[in-house]
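One letter stands for each residue in the lines below.
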Amino acid sequence: MRDEAEAVAVQLRLRERVVTDAPLGRAPRLVAGVDVAYAEGSDLVAGAVVVLELDTLAVVETVTAIGVAGFPYVPGLLAFREIPVLEEALSKLTVTPDLLVCDGYGIAHPRRFGLASHLGVVTGIAAFGVGKTAFIGTHGQVGADRGSWAPLVDGDEIVGRVLRTQKNVKPVFVSPGHLIDVEGSAEITLRLSPKYRLPETTRHADSACRAALKAVTG
């Protein structure tokens, strides 16, 4: 990928493949969290994929990969920095997840093609994103109770949900990426978040990529 204009063109082309208006084809059994950690002051990155069994939240497999981010930091184009190392990590798995949960966004993106959409399209695996803050969109008030939510709206489109995963704790921003709809993304987010604000998939993947990076940087 040479520059920003080329990356945007790729997003516009690949987003035509995105499907977010239908539920998952089958109930997921294995759900994988994916995350990337960056070394301070360099382009060294570590990607992690941690596969959990959805019913028990037990960790089934953890894989990591180390690489160099080959694309500059540009908001809205972070997938081009992260997908190469995530694809390398995914290639090491001995199990195949039914669903990917990204620390980021799906269609809650200016071009409706965030990391979760991009990763879902290139892997063919259903994916959605759970963000800690809003990237785009507006929303109404979210109730204080666990499970309360409000639509995340950009223009005249619903691009996700602002979802309270724990009572009186800041909500998260859930958006479908590919091969899953808003309802399914929010439902699974709650199942993955029995105790904490963030899904267990994200928590495990964050720890794994940070540990992998520390192992090579000291």
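Computed from a predicted model, the values in this text were never measured in an experiment.

Asker: Report on the overall build of the protein chain, specifying residues and quantitative values.
Answerer: Assigned secondary structure in the protein chain consists of five helices and eight strands. When the helices and strands of the protein chain are placed in sequence order, the string is α-β-β-β-α-β-α-β-β-β-β-α-α. Computed over its C-alpha atoms, the radius of gyration of the protein chain comes to 16 Å, within 12% of the 17 Å expected for a compact globule of 218 residues. C-alpha atoms of the protein chain, sized along the principal axes, occupy 45 × 40 × 35 Å. In the protein chain, which comprises 218 residues, the share counted as buried stands at 53%.

Asker: Which residues make up the nonpolar core, and what values go with them?
Answerer: Within the largest apolar cluster, 27 residues are counted, with the highest numbers of intra-cluster contacts made by Leu 99, Phe 128, Ile 188 and Leu 192. When residues of this core are traced back to their parent elements, those giving at least two are β1 (30-38), β2 (44-53), β4 (99-102), β5 (126-131), β8 (172-178), α4 (182-191) and α5 (200-217). A per-element tally of this core places α5 first, with five residues. Among the nonpolar cores identified, the runner-up in size contains 24 residues, and Ala 32, Ile 83, Ile 125 and Ala 127 belong to it.

Asker: So, α5: which residues are in play, and what are the values?
Answerer: The terminal C-alpha atoms of α5 lie 26 Å apart, and with 18 residues this matches the ideal 26 Å at 1.5 Å per residue to within 8%. What α5 keeps buried is the set Glu 200, Thr 201, Thr 202, Ala 205, Ala 208, Cys 209, Ala 212 and Leu 213. Residues of α5 that are buried sit in contact with β1, β2, β3 (59-68) and β4. Where α5 terminates, the next one or two residues include Gly 218, which has phi positive at roughly 85 degrees.

Asker: Any chance you could break down the pairing of strand β6 (residues 149-154) for me, citing the residues and the numbers?
Answerer: Within a regular beta strand, the side chains point alternately toward one face of the sheet and then the other, so they alternate between its two faces. With six bridges joining them, β6 and strand β7 (residues 157-163) adopt antiparallel strand pairing. Bridging from a neighbouring strand, Asp 154 pairs with Glu 157 of β7. Hairpin connection, β6 to β7: the antiparallel pair is bridged by two residues, and Gly 155 has positive phi, about 65 degrees.

Asker: Any details on the side chain of His 118? Residues and values, ideally.
Answerer: Mapped onto the elements of the fold, His 118 is located in helix α3 (residues 115-123). Here His 118 falls in the buried class, since its relative accessible area comes to 5%. Setting aside residues up to four positions removed in sequence, His 118 forms contacts with Leu 14, Ala 79, Phe 80, Ile 83 and Phe 113.

Rules and cut-offs
Residues numbered from 1 in each chain as written. Predicted model: local features only at pLDDT ≥ 70, side-chain atom pairs only at ≥ 80, totals over all residues. Heavy atoms only, no water. Helix = DSSP H or I, 4+ residues; strand = E, 2+ residues; numbered from the N terminus. Rg over C-alpha atoms; globule rule 2.2 N^0.38 Å. Buried < 20%, exposed > 50% of the residue type's maximum accessible area, 1.4 Å probe, protein only. Core = buried A, V, L, I, M, F, W, Y, C linked by side-chain atoms within 4.5 Å. Expected span 1.5 Å × (residues − 1). Contact = heavy atoms within 4.5 Å. Pairing = 2+ DSSP bridges.

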